[in-house]
Amino acid sequence: MIMETEEILWEVKKEAIRKMIKTGQRPDERKEYEYRPAEVQTNYITRAEGTALVKLGETQVLVGVKMDTGEPYPDTPNQGNLITNAELTPVADPLFTPGPPGETAIELARVVDRGIRESGAIDLEKLCITKGERIWNVLIDVHPLNNDGNLIDAAALGAAAALNTAKIPKYEDGKVIYSERKQNLPVKYAPIAATFAKIADKNILDPVLAEEKSMDGRLTLTIRDDGHLSAAQKGGTCAYKKDEITELYDIAVKQTKELRKRVIKK
């Protein structure tokens, strides 16, 4: 009976949100293409090579960058590797469950990874220690601490900030000396994701959790510092027209540029 009551209450709330969006209003009174207040604290954990704690409204995500060495892939013998993982736990959202990564965690990691990889943010050739034998692996771990919607943008922002401040450990005589970090990770860009939720044929930027639960679909555009579109990810069942995507791209370029200036320190 309790579950049925909660479901009924949620359906009422969902319909109320959809009506608000139709009239150009949002639950937190933001404009349709406005980010929530964003805050980034780098070097949050000193034991990692790079870290960033991101607060996007009430959404909080901790991103860590660790490095180790390994063998290169046969088709890229002179390039380092990038590996991204996301762990969703009940600490961030009671609907998240412990255990192997589910569909949501896998998608979150893939979208963040693709935005970084396809943007060429890291000069992977500079992570080659010995061609064909030894390279650096860059490991990005995403840990949501509180989910109030749009984990993708918060995680991507955290990854960009953590990579931008990461230091490579010393490598000597075949061993990694983690206590000594002086060289900056070879980072060229800070790709930032802009996620739009479509609700009742209206697009809004940076949806909160209630808006996400009311949306028909989602479009994430990852934008590089120079405005280059690095990656795109669509979710949900709704369709997007070509002109609509072009318009959202222009908005994403403008909004991510402003966000990048405020939180990514060069």
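Structure's up top.
Quick summary incoming for the structure in this document. (Residues numbered from 1 in each chain as written. Predicted model: local features only at pLDDT ≥ 70, side-chain atom pairs only at ≥ 80, totals over all residues. Heavy atoms only, no water.)

1. Quick look at the nonpolar core
Part 1: With 61 residues, the main nonpolar core has Leu108, Ile116, Leu127, Val138, Ile140 and Phe196 as its most contacted residues.
Part 2: At eleven residues, the largest contribution of residues to this core is made by helix α3 (residues 151-165).
Part 3: Aside from chain neighbours lying at most four places away, what touches Ile116 is Leu82, Ala121, Ile122, Ile140, Ala159, Leu163 and Pro191.
Part 4: In terms of nonpolar packing, the next biggest core, distinct from the first, is built from seven residues, Ile17, Ile21, Ala197 and Ala200 among them. (Core = buried A, V, L, I, M, F, W, Y, C linked by side-chain atoms within 4.5 Å. Buried < 20%, exposed > 50% of the residue type's maximum accessible area, 1.4 Å probe, protein only. Helix = DSSP H or I, 4+ residues; strand = E, 2+ residues; numbered from the N terminus. Contact = heavy atoms within 4.5 Å.)

2. Side note on the pairing of strand β2 (residues 50-56)
Part 1: The buried fraction of β2 is high, at six of seven residues.
Part 2: Here strand β1 (residues 38-42) pairs with β2 via five bridges, running antiparallel. Paired with Val40 across the strands is Val54, a residue of β2. (Pairing = 2+ DSSP bridges.)

3. Some thoughts on the pattern of salt bridges
Part 1: Summed over the entire model, instances satisfying the criterion amount to 17 salt bridges.
Part 2: Ionic pairing is found between Glu172 and Lys170, a salt bridge with its closest N-O pair at 3.5 Å.
Part 3: Note that Glu244 is salt-bridged to Lys198, the shortest N-O span being 2.9 Å. One end of the pair, Glu244, is in helix α5 (residues 242-263); the other, Lys198, is in strand β9 (residues 192-199), with 46 residues separating them in the sequence. In terms of burial, Glu244 and Lys198 fall into one category: buried. (Salt bridge = Lys/Arg side-chain N within 4 Å of Asp/Glu carboxyl O.)

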